[in-house]
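# Per-entry structural report
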Amino acid sequence: MRREAEAAAFIRDRTLLLLGLVAVLFVTLWRLPALRSSVVVYCAHDAVFAEEILRDFEMRSGVKVLVRYDTEATKSLGLVELLLAEKDAPRCDVFWNNEMLGTADLAERGVLAPHRGPGWERIPEQWKDADARWTGFAARLRVHIINTRNPATDLDDLSRGAIAKPLYGTTLTHYTALWHLWGPERLKTWHHESRARGLREVNGNGMVKDIVARGARDHGFTDTDDFFDAKDRGALVAMKPVRIDGASICIPNTVALIRGAPHEATARQLIDYLLSAEAEMALAKSKSRQIPLGPVDENQLPAEVRELREWSAKCVPLAGFVKDRVECLAWLKSEYTE
Amino acid sequence: MNFTAQVALDALRCAVLAGAAFAIGWPLGGGRRSTLRTVCLIAPLLMPSLLISYAAAPVTLMFGGSMLAAFYSVLLMLKLAPLAALARDCFPSPLSAEAAFCARLLPAEGAAARAWFAVRAAGPVPWATLAVLFLLTFTDFELASLFAVKTWTVMLFDAHAGGLDPSLSLRRIALPVTIQLAVIVALLVPRWSATSGRVGAARGGGLHFIIAIAVLIAGLPLARVAWLAATGFAQLRVQEVFAADLVVSLGIAAAAAPGVWLLMRGRALVALPGLLGALVLALLVLAFIQVPVVRLLRDTPLPLIAVEMLLIAPIAFVLRELIRAHTPREALHLARMAGSRRLIWDLALAPRAGALALLFMLAYFELTAATILAPIGLTPVFARLHNLAHYGQSAVLSAMLIAATLVPAALLALTVGAARLYARRDD
Amino acid sequence: MHGAMTDESRNRGADAPLWTLNNVCLGPSRLRDVSVVIPRGVTAVLGWSGAGKTSLLNVLVGFEKPDRGIFDGPRSFYWSPQNDGLWPHCTAREHLALVRCAEARIDELLAGFDLTERAGARPDELSEGERARLSVARALAAPAKVLVLDEPLAHVDPARVGRYWSVIRAALAAEDRSLVFATHVPEAALAEAQNVVCLRDGGVLHAGPIAEAYANPPSRDVMECLGPGNWMTPEEADLWLDEKIDFARCFRPEQIEIEPTNLSHMVVRSANFLGSFAEAELRHVNAAVVRTFLHRPAAADLQPEMPAVVRLRA
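Since this is a predicted model, take the numbers as computed values, not measurements.

So, on to the overall build of chain C. A count of helices and strands for chain C gives nine helices and 16 strands. Structurally, chain C occupies a C-alpha span of about 70 × 50 × 35 Å along its principal axes. Long-range contacts, defined here as pairs at least 24 residues apart, represent 65% of the contacts in chain C between residues at least 6 apart.

In structure tokens:
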């Protein structure tokens, strides 16, 4: 009888229920210590670079940082959706975006709160919101990545080029700049003509870099961090800044305080740290070679970053392009999804 | 091409793909069972899209446009083809070999009449398999996105760039959901004969094809990534964050798989929300958990577990129904009367364990909902890996991918193996 | 020619046998060097469970290919396999219609096998007995000159089996068809067949006319295959029957009579009534040996320790 009962119990759904509950409890309890943290960051910047900076902040301040990263597959869409959904009762304290116009859009939608700290003070006017709802730091440039194995590479030959889908990230910023400076009609014509001429459209800037590094295409539009990744891996590539009417496209990271942030004090502390010269210098010295926007010790900057800084001296004034981004994105969505 | 046209084109494309996957996989079913065969059949199905695209990068980078789309379609089709063989293994045809021979002895008829006879006689399992293959190809987002192939799922995702009102989201997915529903309803309408069949004499053929598919879809990507990871495993030991993410994903899948199995008991309607797809369902739940009282839930893994359950519910429904129809009730009753753990395992628990393992892996590998709904501090491991994959291949990332793929498989194998051992020590 | 049907079968004469098998082997021991000729008419394949009956029939119809050996057989036949071989998606009526049977004949067959009311049912809605009947009805409905039935009418109520056999008999007679059927019930074979193939452990024990095999089985095994009997050596016959026989032979129960008597060297040790015959254990007092006899009619008056004699019926 005992064996019979044992066998019956073995197959009951109760066992499964128990298993499920144990798993739920485990996962919940797993993060209890984390809930006692002091600041929550939604980070669209790549984890591989952001983690180092945030860990440094934790060590310096003793403040535990919880981060939610985005993914290549969901782009920054996930985090933006989350911030909008949580607008009335935010969980996030700090939004670290890897570009500027999306953050400025969130500011327009009332998701962000102002913070005028020492970090905000040290960043030049053109890279920050006048109302201090967001501040730019550590920028990247849009560049042509060029495979040097083919000395006859012609950047105008778009049939040998590649670009990321312009609905997201820095490629959207690139398009927005063109929208503003060229005007919608010229951009639309270029967009259609470039595809017709064989410009290969891929999933992200990382893929553009890989395609060019492997020689599948001669050149492509990407960001400086992707270029340096390819170069560091020994790929035969060179870069040239993308210029529109002589101005480069310099895209800073942005950091912002969330309106109604649950941990406002520590959030401000973190923002000030991210906007500090140390953090900018750390990102400049990282593999992504990001361009400090505030004053830093020039002598400590890697030579490559110094060159980038020169290129970014004359750049497109992105801060005023928020409306263009909305219009451009609406057009792109109609192109790609309707 | 507009969204509606893309949906129609994808429906057509996926019908062809599902048909091809079926045509390749179904004849491979019904073979002599062995561990090698089972592993080779399951491995391609559970191979994460990220790992496949990561390993296939040298190929995918070289080609674009229609070549890439064709490559994507072939990979997806081969990845899913073993499902048809598994379905045939698990749910043999109700038409016995003798009955099939009796049909061959019939007076000569046209090929069409013979084909129609075979189609009707085969029962619902081939159709259910075709339907599942269609649903899986039609709703694929991750592999299509990673390969930068234009599909309605990718278009739907793009439509959410910069935010999209939930009502517009729902309006947009009305057509694809209707197509999925139509496929499911079409399965339920005909009066099927009994689905139960006996396992006939195993035919040894097809194993080399099964191995070839497994090598192509699982073996080569794993080998390539393992090669890239050669120096990365040492650094993996210090990746505490990665280990924590892995545990989180395992925990969520371990909650979702048995959860959905229990939830599905007699509740077919639970399978419907999953048809909305991960993106829309996750965004709807995200909006829901902002409501004041429900808001308490958003710092728990419950919304994510609930959505994972709903997402795997359609597959759970199909699996549960098939297992129910094929459980030898009299034999099971006798086994229970005898209190034989071994018999109970063989007759009832082994198929259930297999189904739960499959659901576990599906929940574990799910990416979109996991990215959107994971509570802060709990990062599902594949969300992190997708993030890291941005910068391309590296030794550590390759090691992480291998670990993230093999650890749950190994855990499952150990768990199911231990349960089997316990059941078989029936003295 | 190995394991295949020869072309000779295409042009066989009216007197030619249905199947000729030479050294046919299947599996390691399912069929072992089977050489047999199956003539026209009705042939029963007899044997205990596991003797190889189904294997032999599977080879005859081509459902299984022999590993070795030569066989030759007809092209036109229909089969009722051991597991009925019914089509799960077809109703009983559709089963008969699919073999191109005329409507009137379908009704006749359904009525003959008591399936008229079940005409719209599918196999999973039929009982085992109904399925067995439908399988046989389908074979009869098929326009084949030879029928191969594996354990026909298994699971059918014994009381009705006879009636269904009469339907089969009529169908065979009406169209001059032949039948090969497997059974482990000797009575069915004796009642329906003209020829028998006795199998044991995958080999042929005996093949030939069934009446002769029943009356004079060449061995004890063949005797047992065809039903109860008493196998006697000349010495045993001399001792127990007081009869002289030249070689060991079989005496069927109906040939043996055991009579109580006042004076005998034999006494009854036990007696059991077994329905159509009886079993009695006798002890020979002088020889101090014991032997069991199967006899008919069953004499109810045999009691233990009763003196008795064994007589052969005329």
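Having seen the model, we can carry on.
The next subject is the overall build of chain A. If you tally the helices and strands in chain A, you get 15 helices and twelve strands. Oriented by its inertia axes, the alpha-carbon framework of chain A measures out at about 85 × 50 × 40 Å. Among the 338 residues that make up chain A, the fraction classed as buried is 55%. Across chain A, the fraction of contacts at a sequence separation of at least 24, relative to all contacts at a separation of at least 6, is 75%.

Attention now goes to the interface of chain B and chain A. If you look at the interface, chain B gives 62 residues, while chain A gives 60 residues. Breaking the side of chain B that touches chain A down by element, the ones donating at least two residues are helix H4 (57–62), helix H9 (142–146), helix H10 (152–159), helix H14 (240–263), helix H15 (278–288), helix H18 (341–365), helix H19 (368–373) and helix H20 (381–388) of chain B. Here the side of chain B that touches chain A takes ten residues from H14 of chain B, the largest share from any one element. Class assignment for the residues of the side of chain B that touches chain A results in 34 nonpolar, 20 polar and eight charged.

Val94 of chain A together with Leu133, Ala282, Ile312, Leu359 and Phe360 of chain B are the most contacted members of the largest nonpolar core, which totals 244 residues. Broken down by element, this core gets its largest block of residues, 15 residues, from helix H16 (residues 302–326) of chain B. In contact with Leu133 of chain B, other than residues within four places in its own chain, are Ala18, Ala21, Phe22, Leu80, Leu83 and Ala84 of chain B. Within the second largest apolar cluster, 97 residues are counted, among which are Ala92, Val99, Val197 and Leu226 of chain C.

Residue and element names in this part refer to chain A. Along the chain, the position of Val316 falls in the loop between helix H14 (303–311) and helix H15 (322–337). Residues Val316 and Ile271 lie 45 residues apart in sequence; the distance between their C-alpha atoms is 25 Å. In contact with Val316, other than residues within four places in its own chain, are Ala177, Leu181, Ile244, Ala247 and Ile249.

Turning our attention to the interface of chain C and chain B. It is common to give the size of an interface as the accessible area lost on bringing the parts into contact. Facing 16 residues of chain C, the contacting portion of chain B comprises 16 residues. Here the side of chain C that touches chain B is built from residues that sort into ten nonpolar, three polar and three charged.

On to the environment of Val204 of chain C. All names here are of chain C. Assignment of secondary structure puts Val204 in strand S9 (residues 203–209). Residue classification places Val204 among the buried positions, given that 21 C-beta atoms sit within 10 Å. Through-space distance from the C-alpha of Val204 to that of Thr116 is 40 Å; in sequence the pair is 88 residues apart. When near neighbours in sequence (up to four residues on either side) are disregarded, Val204 contacts Val34, Ser35, Val36, Val197 and Leu199.

Here we come to unusual backbone geometry. In this structure, Asp245 of chain A is a non-glycine residue whose phi angle is positive, near 50°. Residue position: Asp245 of chain A is located in the loop between strand S10 (243–244) and strand S11 (247–248). Assessed through the 9 C-beta atoms surrounding it within 10 Å, Asp245 of chain A is described here as exposed. In the Ramachandran plot, Asp33 of chain C falls in the positive-phi region, its phi being about 50° despite a non-glycine side chain. Exposure remark for Asp33 of chain C: the 14 C-beta atoms within 10 Å place this residue in the partly exposed category.

Moving on: the confidence of the model for chain A. All names here are of chain A. Mean pLDDT over chain A stands at 86; residues scoring 70 or higher make up 90%. Per-element averaging of pLDDT across chain A places helix H1 (residues 2–11) at the bottom with 43 and strand S4 (residues 112–113) at the top with 96. Per-residue pLDDT stays below 50 along residues 1–11; that stretch engages in 13 contacts with residues further than four places along the chain or on separate chains.

Turning our eyes to something else, we now look at the arrangement of the chains. There are two pairs of chains in contact here, and the one with the most contacts is chains A and B. As for chain C relative to chain A, no contact occurs, and the smallest C-alpha gap between them is 28 Å.

So, on to the packing of helix H1 (residues 3–25) of chain B against helix H8 (residues 124–138) of chain B. Residues and elements named next belong to chain B. At their nearest, the axes of H1 and H8 sit 8 Å apart, and the two run at 130° to each other. If you check the angle between H1 and H8, you find them oblique. For the element pair H1 and H8, the recorded crossing hand is right-handed. Taken together, the residues of H8 that come into contact with H1 (itself represented by Asp10, Ala11, Cys14, Ala15, Leu17, Ala18, Ala21 and Phe22) are Thr129, Leu130, Leu133, Phe134, Thr137 and Phe138.

Paired through backbone hydrogen bonds, the strands of a sheet run either parallel or antiparallel to each other. All names here are of chain C. Across the sheet, three strands lie side by side as S2-S1-S4; this open sheet has antiparallel pairing. Looking at which strands have only one partner, the edges of the open sheet turn out to be strand S2 (31–38) and strand S4 (68–72). The average angle at which neighbouring strand axes cross in this sheet is 15°, direction not considered. For strand S1 (residues 19–26) and S2, the ladder comprises five bridges, and the chain directions are antiparallel.

Residues and elements named next belong to chain C. In this model, chain C carries an average pLDDT of 88, and 94% of its residues clear a pLDDT of 70 or more. This model gives residues 1–11 a pLDDT under 50, and the stretch forms 18 contacts once residues within four places in sequence are excluded. ipTM for the predicted complex: 0.78, alongside a pTM of 0.76.

With that settled, the discussion passes to helix H4 (residues 128–141) of chain C. Residue and element names in this part refer to chain C. Between its first and last C-alpha, H4 extends 20 Å over 14 residues, near the 20 Å set by a 1.5 Å rise per residue. Those residues of H4 lying buried are Glu130, Arg131, Ala132, Arg133, Leu134, Ser135, Val136, Ala137, Arg138, Ala139, Leu140 and Ala141. Buried positions along H4 lie against strand S5 (77–80), helix H2 (92–98), helix H3 (103–112), strand S6 (146–150) and helix H5 (158–174).

Residue and element names in this part refer to chain A. Taking burial as the measure, the five residues of strand S8 (residues 219–223) include five buried ones, the bulk of the element. Burial of the side chains of S8 extends over both faces: His219, Phe221 and Asp223 are buried on one face and Gly220 and Thr222 on the other. As judged from the five bridges shared by strand S5 (residues 135–147) and S8, these two strands associate in the antiparallel manner. Residue pairing across strands places Val143 opposite Thr222, the latter belonging to S8. Sheet topology places strand S6 (residues 161–164) next to S8; two bridges connect them, and they run parallel. Pairing of Gly161 across the sheet is with His219, part of S8.

What follows concerns the sheet that holds S6 of chain C. Residue and element names in this part refer to chain C. Here six strands make up an open sheet; going across it, the order is S5-S6-S7-S3-S8-S9 and the pairing mixed. The strands lining the two open edges of the sheet, one partner per strand, are S5 and S9. The mean angle between the axes of side-by-side strands here comes to 15°, regardless of whether they run parallel or antiparallel. The pairing of strand S3 (residues 42–46) with strand S8 (residues 195–200) spans four bridges and is classified as parallel. What sits directly across from Val45, in S8, is Val197.

Taking 1.5 Å per residue, 15 residues should reach 21 Å; helix H4 (residues 47–61) of chain A reaches 20 Å between its end C-alpha atoms and fits that length. Regarding H4 of chain A, the residues found buried are Ala47, Phe49, Ala50, Ile53, Leu54 and Phe57 of chain A. Projected down its long axis, H4 of chain A carries its buried residues within an arc of 160°, all on one side. Opposite its buried face, H4 of chain A presents the exposed residues Arg55 and Met59 of chain A, each directed more than 90 degrees away. Here the buried face of H4 of chain A lies against strand S1 (39–43), strand S2 (65–69), strand S3 (94–97), helix H12 (264–274) and helix H13 (277–285) of chain A together with H20 of chain B. At the C-terminal side of H4 of chain A, Gly62 of chain A shows a positive phi close to 75°.

So, how was this worked out
- Residues numbered from 1 in each chain as written.
- Chains lettered and ligands numbered in written order.
- Predicted model: local features only at pLDDT ≥ 70, side-chain atom pairs only at ≥ 80, totals over all residues.
- Helix = DSSP H or I, 4+ residues; strand = E, 2+ residues; numbered from the N terminus.
- Contact = placed C-beta atoms within 7 Å.
- Buried ≥ 20, exposed ≤ 12 C-beta atoms within 10 Å, placed from the backbone.
- Nonpolar A, V, L, I, M, F, W, Y, C, P; charged D, E, K, R; others polar.
- Core = buried A, V, L, I, M, F, W, Y, C linked by C-beta atoms within 7 Å.
- pLDDT = per-residue confidence, 0-100.
- Axes fitted to C-alpha atoms, helices over the stretch in contact; angles between N-to-C directions.
- Parallel < 35°, antiparallel > 145°, perpendicular 65-115°, else oblique.
- Left-handed = near helix turned anticlockwise from the far one by under 90°.
- Pairing = 2+ DSSP bridges.
- Expected span 1.5 Å × (residues − 1).
- Arc of directions from axis to C-beta.

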